[in-house]
Amino acid sequence: MFEDLKGKRVLITGSTAGMGLATAREFAKHGAKIGINSHMTEGSEEAVAELQELGAQGVVFIQANLMKTAECERCVSEFVAEFGGMDVLINNAGGLGGRENLENIDDEFYDRVMDLNGRSVLMMTKYSIPHLRQSAKESGETAAVVGTGSIAAREGGGVGAGIYAASKAWLHDIHRNWVKEFTKDNIRFNIVAPGTIDTAFHDGKSDELKAHIASTIAMGRFGKIEEVAPTFLFFSSHKYSGYITGQILDVNGGQMCP
Ligand code: NAD
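None of the values given here were measured: they were computed from a predicted structure. (Residues numbered from 1 in each chain as written. Predicted model: local features only at pLDDT ≥ 70, side-chain atom pairs only at ≥ 80, totals over all residues. Heavy atoms only, no water.)

**Focus: the pattern of salt bridges**
One pass over the full model with this rule turns up 14 salt bridges. One salt bridge in this structure joins Lys239 and Glu3, with 2.4 Å as the shortest N-O distance. Of this pair, Lys239 sits in helix α9 (residues 238-241) while Glu3 sits in the segment before β1 (9-12), and the two are 236 residues apart along the sequence. A salt bridge links Lys184 to Asp185; the nearest nitrogen and oxygen atoms lie 3.1 Å apart. Relative accessible area serves as the criterion here: at 15%, Asp185 is assigned to the buried category. (Salt bridge = Lys/Arg side-chain N within 4 Å of Asp/Glu carboxyl O. Helix = DSSP H or I, 4+ residues; strand = E, 2+ residues; numbered from the N terminus. Buried < 20%, exposed > 50% of the residue type's maximum accessible area, 1.4 Å probe, protein only.)

**Observations concerning the nonpolar core**
Note that soluble globular proteins tend to have their nonpolar side chains buried in a common cluster. Phe79, Met124 and Phe189 are the most contacted members of the largest nonpolar core, which totals 33 residues. It is helix α4 (residues 107-139) that provides the largest number of residues to this core, a total of seven residues. Apart from the residues within four sequence positions on either side, Phe79 is in contact with Arg9, Val10, Leu11, Ile34, Gly35, Val60, Ile62, Gly84, Gly85 and Met86. Ala47, Ala56, Val88 and Phe232 belong to the second-largest nonpolar core, a separate cluster that totals 30 residues. (Core = buried A, V, L, I, M, F, W, Y, C linked by side-chain atoms within 4.5 Å. Contact = heavy atoms within 4.5 Å.)

**Details of the sheet that holds strand β2 (residues 33-38)**
A sheet is described by the order of its strands in space; here seven strands give the open sequence β3-β2-β1-β4-β5-β6-β7, paired in parallel fashion. Single-partner strands in this sheet number two, and they are β3 (58-63) and β7 (247-251). Taking each pair of neighbouring strands and ignoring which way they run, the sheet shows an average axis angle of 15°. Pairing of strand β5 (residues 143-148) with strand β6 (residues 187-194), which is carried by six bridges, proceeds in the parallel orientation. Looking at β6, one finds that Val145 is bridged to Phe189. (Pairing = 2+ DSSP bridges. Axes fitted to C-alpha atoms, helices over the stretch in contact; angles between N-to-C directions.)

Geometric descriptors of this kind do not, in isolation, establish any biological role.
Here's what the structure looks like:
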């Protein structure tokens, strides 16, 4: 399956760990050309070596803090300089950015969470659009943008995580707008909305809290990164999802059935 992803030029943000790295591994197994990214170098050398070993046709690591517009522009430029264009953009970088009750939220907190989950996606997509448009024109197939949304976007998030949840709802919604603007260019926009997935995202939680959260999931456990990754490949594949755009696919073990 997903044989059409062979040789595709795929930029995955926030991909030296967690779901981004698991997704990069799947693309590597399918022979894609992959750009991985993080704001830190930690884990990048090991990730590049592993992806090459798994069968990627090419791998480049781009260190860039995507909370900053200029870094987004550079990230896209360096990827395109390496591979000559872009067929798929996966906007996965993001995170909680801290917890704060409404009465304690200040401008610095608001900007941090929105820059991490909103600005990063906005600017990465902005600078990628010309390359995705070109890819679609040359190939006669659709190019794809896939975003990592969240169950929090649908249910409001935990106490103290309201801005995070709202930033992901913002992401869910702006994809619908981009469908209206860029479908004429043969670019598709879809969202993978994970539930509670076992990554560093949950490092700050006690075992007791984790057990409680697991008890609220129909399948009774956190998801694994390998259980989320294939959905990104599905939305990236013209052959398997070429008529799907503007959709949100929830990968959450039945934690919520919207
Ligand atoms: P993770 O912490 O394991 O991975 C996050 C990756 O993003 C890392 O590679 C990190 O270095 C990178 N990153 C963080 N800040 C960055 C920045 N400013 N610029 C560039 N890269 C940056 O976490 P994860 O759980 O795999 O999270 C991936 C995405 O999934 C995030 O958007 C997160 O909000 C979302 N998400 C996670 C869960 C979950 O339960 N784990 C649920 C719903 C949504």
